[in-house]
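# Inside the fold
Read off the chains here:
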Amino acid sequence: MAKFTPLHDRILVRRVEEATTTRGGIIIPDSAKDKPQEGEVVSVGRGRTNDEGKVFPLAVKEGDRILFGKYAGTEIKIDGEDFIIMKEDEVLGVLSGAAKRETAGARR
């Protein structure tokens, strides 16, 4: 896979897949599913720079599980895999202790 490093205060996120069936076994069609608002940080930029050139590192790091707004970021494709690139200020929060879910393109 190609190495992608975001610039400045941007982060690269792999979207976490939502379940395709309900607990009762009902299959949810793609047209009825909302886009998940949870993802895993794949890589981060160096940080935000102020007017004097001082760099402030980002609060999120690689491997963090994050929540973001439904329309946050820009969807991109790298080596055939879908990612989202967004600014750190679009991140709503970091999940800790959350149960591991499947990430797009990965299996448990």
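Residues numbered from 1 in each chain as written. Predicted model: local features only at pLDDT ≥ 70, side-chain atom pairs only at ≥ 80, totals over all residues. Heavy atoms only, no water.

### Section: the environment of I84
Within the element layout of this structure, I84 appears in strand β7 (residues 81-87). Its relative accessible area of 1% is what places I84 among the buried residues. In the structure, I84 is positioned 43 residues away from V41 in sequence and 9.6 Å away in space, judged by C-alpha atoms. Dropping the residues within four chain positions of it, I84 is found in contact with I11, L12, V13, R15, F68, A72, G73, T74 and E75. (Helix = DSSP H or I, 4+ residues; strand = E, 2+ residues; numbered from the N terminus. Buried < 20%, exposed > 50% of the residue type's maximum accessible area, 1.4 Å probe, protein only. Contact = heavy atoms within 4.5 Å.)

### What to know about the sheet that holds strand β1 (residues 10-15)
Pairing is antiparallel across the open sheet formed by 6 strands, whose spatial order is β6-β7-β1-β2-β5-β8. Only two strands of the sheet have a single partner each, and these edge strands are β6 (74-78) and β8 (91-95). Neighbouring strand axes in the sheet, compared pairwise and without regard to direction, differ in orientation by 45 degrees on average. One ladder, built from 4 bridges, connects strand β5 (residues 65-68) with β8; its direction is antiparallel. Paired with L67 across the bridge in β8 is G93. (Pairing = 2+ DSSP bridges. Axes fitted to C-alpha atoms, helices over the stretch in contact; angles between N-to-C directions.)

### Section: the pattern of salt bridges
Using the criterion set out here, one finds 6 salt bridges in the structure. Of the charged contacts, one joins R14 and E81 as a salt bridge, the two residues approaching to 2.8 Å between their closest N and O atoms. Within this pair, whereas R14 is found in strand β1, its partner E81 is found in strand β7, the two being separated by 67 residues in sequence. Judged by relative accessible area, R14 falls into the buried class, the value being 16%. Judged by relative accessible area, E81 falls into the partly exposed class, the value being 23%. Here R65 and E38 are joined by a salt bridge, their closest N and O atoms 3.2 Å apart. Linking R65 in strand β5 with E38 in strand β2 (residues 38-44), this pair joins segments that are 27 residues apart in sequence. Since its relative accessible area comes to 9%, E38 is described here as buried. (Salt bridge = Lys/Arg side-chain N within 4 Å of Asp/Glu carboxyl O.)

### What to know about the pairing of β1
Summarising burial for β1: 5 of the 6 residues are buried, a large majority. Where β1 lies against β7, 4 bridges are found, and the strand directions are antiparallel. Its bridge partner lying in β7, R10 is registered against K87. Note: β1 against β2, 5 bridges, orientation antiparallel. Bridge pairing in β2 places V13 opposite V41.

### Comments concerning the pairing of β6
Two faces make up the sheet, and in a regular strand the side chains alternate between them. Pairing analysis gives 5 bridges linking β6 to β7, with the strands arranged antiparallel. If you follow I78 over to β7, its bridge partner there is E81. Two successive antiparallel strands, β6 and β7, enclose a turn made up of 2 residues, where D79 displays a positive phi of approximately 50 degrees.

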